[in-house]
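Coordinate analysis (summary)
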Amino acid sequence: MEFRIGQGYDVHRIAEGLPMTLCGVRIECGRGFVAHSDGDVAIHALCDALLGSLALGDIGHLFPDTSDEFAGIDSRILLSRVVGLVRSQGWEPVNADVTIALQAPKVAPYIESMRASLASVMGVDAGCVSVKATTTEKLGFVGRGEGCEVWAVVLVGRK
């Protein structure tokens, strides 16, 4: 079996009155991500990791924020398209590991739903998807509640 690893990173600002969606799961908190799409920073990082694993560019290249087609789009659709592209190249997602840095709200109660959401879109078992959350101990823009950072790593394989 042949394997490839991809790494993705994304950041979004947080503002009052916007919806917050992470890993396809809505977080009710009165604040959300400033973005052209639904702002799901976790899925955006995961898409970049998948694309990076096969040197297929990045999410901004495939789904430009200058296109009306992607305005407000559910990022699960973007992830589904990226997974489809990976599979069209003869590869399969093996596992994914996502780390969310967010000072507030706490996302621990949503972790299992997030894992299930990503696994469903990717067509893998939830046991192949890890989602972790951390704060930055009130340091930096994340610690001040100004934004969210997400890192994602994936392994893809083919026979």
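Residues numbered from 1 in each chain as written. Predicted model: local features only at pLDDT ≥ 70, side-chain atom pairs only at ≥ 80, totals over all residues. Heavy atoms only, no water.

1. Structural notes on the pattern of salt bridges
Counted by the stated rule, this structure contains 8 salt bridges. The partner of E2 in a salt bridge is R158, with the nearest N and O atoms 3.1 Å apart. Taken as a pair, E2 in strand 1 (residues 2-16) and R158 in strand 7 (residues 147-158) lie far apart in primary sequence, 156 residues in all. The partly exposed category is assigned to E2, whose relative accessible area is 34%. When the shortest N-O distance is used, the salt bridge between E92 and R87 registers 2.7 Å. On the basis of relative accessibility, which here comes to 37%, the residue E92 falls in the partly exposed class. (Salt bridge = Lys/Arg side-chain N within 4 Å of Asp/Glu carboxyl O. Helix = DSSP H or I, 4+ residues; strand = E, 2+ residues; numbered from the N terminus. Buried < 20%, exposed > 50% of the residue type's maximum accessible area, 1.4 Å probe, protein only.)

2. Observations concerning unusual backbone geometry
When glycine is set aside, most residues are seen to have a negative phi, and most peptide bonds are trans. Cis geometry is adopted by the peptide bond preceding P105, which originates at A104 and carries an omega value of 5 degrees. With respect to the helices and strands, P105 occurs in the loop between strand 5 (92-101) and helix 4 (111-122). Despite not being glycine, A55 shows a phi value in the positive range, around 55 degrees. Summarising the element assignment, A55 is placed in the loop between helix 1 (41-53) and helix 2 (59-62). According to the relative accessible area criterion, A55 is exposed, its value standing at 70%.

3. Here we look at the packing of helix 1 against helix 3 (residues 75-88)
Interaxial distance between helix 1 and helix 3 falls to 10 Å at its minimum, and their mutual angle equals 10 degrees. Our classification of the angle between helix 1 and helix 3 gives roughly parallel. Contacts between helix 1 and helix 3 involve I43, H44, L46, C47, L50 and L51 from the former and S75, R76, L78, L79, V82, V83, L85 and V86 from the latter. Grouping the constituent residues of the contact of helix 1 with helix 3 by class yields 11 nonpolar, 2 polar and 1 charged. (Axes fitted to C-alpha atoms, helices over the stretch in contact; angles between N-to-C directions. Parallel < 35°, antiparallel > 145°, perpendicular 65-115°, else oblique. Contact = heavy atoms within 4.5 Å. Nonpolar A, V, L, I, M, F, W, Y, C, P; charged D, E, K, R; others polar.)

4. As for the pairing of strand 6 (residues 129-134)
Note: strand 5 against strand 6, 6 bridges, orientation parallel. Its bridge partner lying in strand 6, T99 is registered against K132. In this region the chain leaves strand 5, passes through helix 4 and returns to the parallel neighbour strand 6; the handedness of that crossover is right-handed. (Pairing = 2+ DSSP bridges. Right-handed = clockwise from strand over helix to strand, strands pointing away.)

5. Quick look at the sheet that holds strand 5
Strands pair in a sheet through their backbones, by hydrogen bonds, and they do so in one of two ways: parallel or antiparallel. As summarised here, the arrangement of the 5 strands in space is 4-1-7-5-6, forming an open sheet in which the pairing is mixed. Each having just a single partner strand, strand 4 (31-33) and strand 6 make up the two edges of the open sheet. On average, adjacent strands in this sheet sit at an angle of 20 degrees to one another, irrespective of strand direction. In this structure, strand 5 lies alongside strand 7, joined through 9 bridges in antiparallel fashion. Directly across from A101, in strand 7, lies its bridge partner E149. Running at roughly 140 degrees to strand 6, helix 4 makes contact with strand 5 and strand 6 of the sheet.

6. Section: the packing of aromatic side chains
One pass over the structure, following the stated rule, counts 1 aromatic pair. Centroid distance Y9 to W151: 5.5 Å. Interplanar angle 45 degrees. Geometry classified as tilted. Separated by 142 residues along the polypeptide, Y9 in strand 1 and W151 in strand 7 bring together distant segments of the chain. Exposure remark for Y9: the relative accessible area of 37% places this residue in the partly exposed category. (Phe/Tyr/Trp six-rings, centres within 6.5 Å; stacked < 30°, edge-to-face > 60°.)

7. Looking at the UniProt feature "binding site: a divalent metal cation" (unreviewed entry) in the protein chain
Mapped onto the present numbering, the UniProt feature "binding site: a divalent metal cation" (unreviewed entry) falls on D10, H12 and H44. Across 35 residues, the annotated set stays spatially compact, with a maximum C-alpha separation of 10.0 Å. The residue H12 is located in strand 1 in this model. In contact with H12, not counting residues within four places along its chain, are F33, V34, A35, G39, V41, H44, E146, G147 and C148. Only 3.2 Å separates the side chain of H12 from the backbone oxygen of V34, close enough to count as a polar contact. You can see H44 is positioned in helix 1. Excluding its chain neighbours within four sequence positions, the residues that come into contact with H44 are D10, H12, S37, D38, G39, I59, S75 and L78. (UniProt positions renumbered as here; feature names shortened; annotations may be inferred. Polar contact = N/O pair within 3.5 Å; in protein donor to acceptor, adjacent residues only side chain to side chain.)

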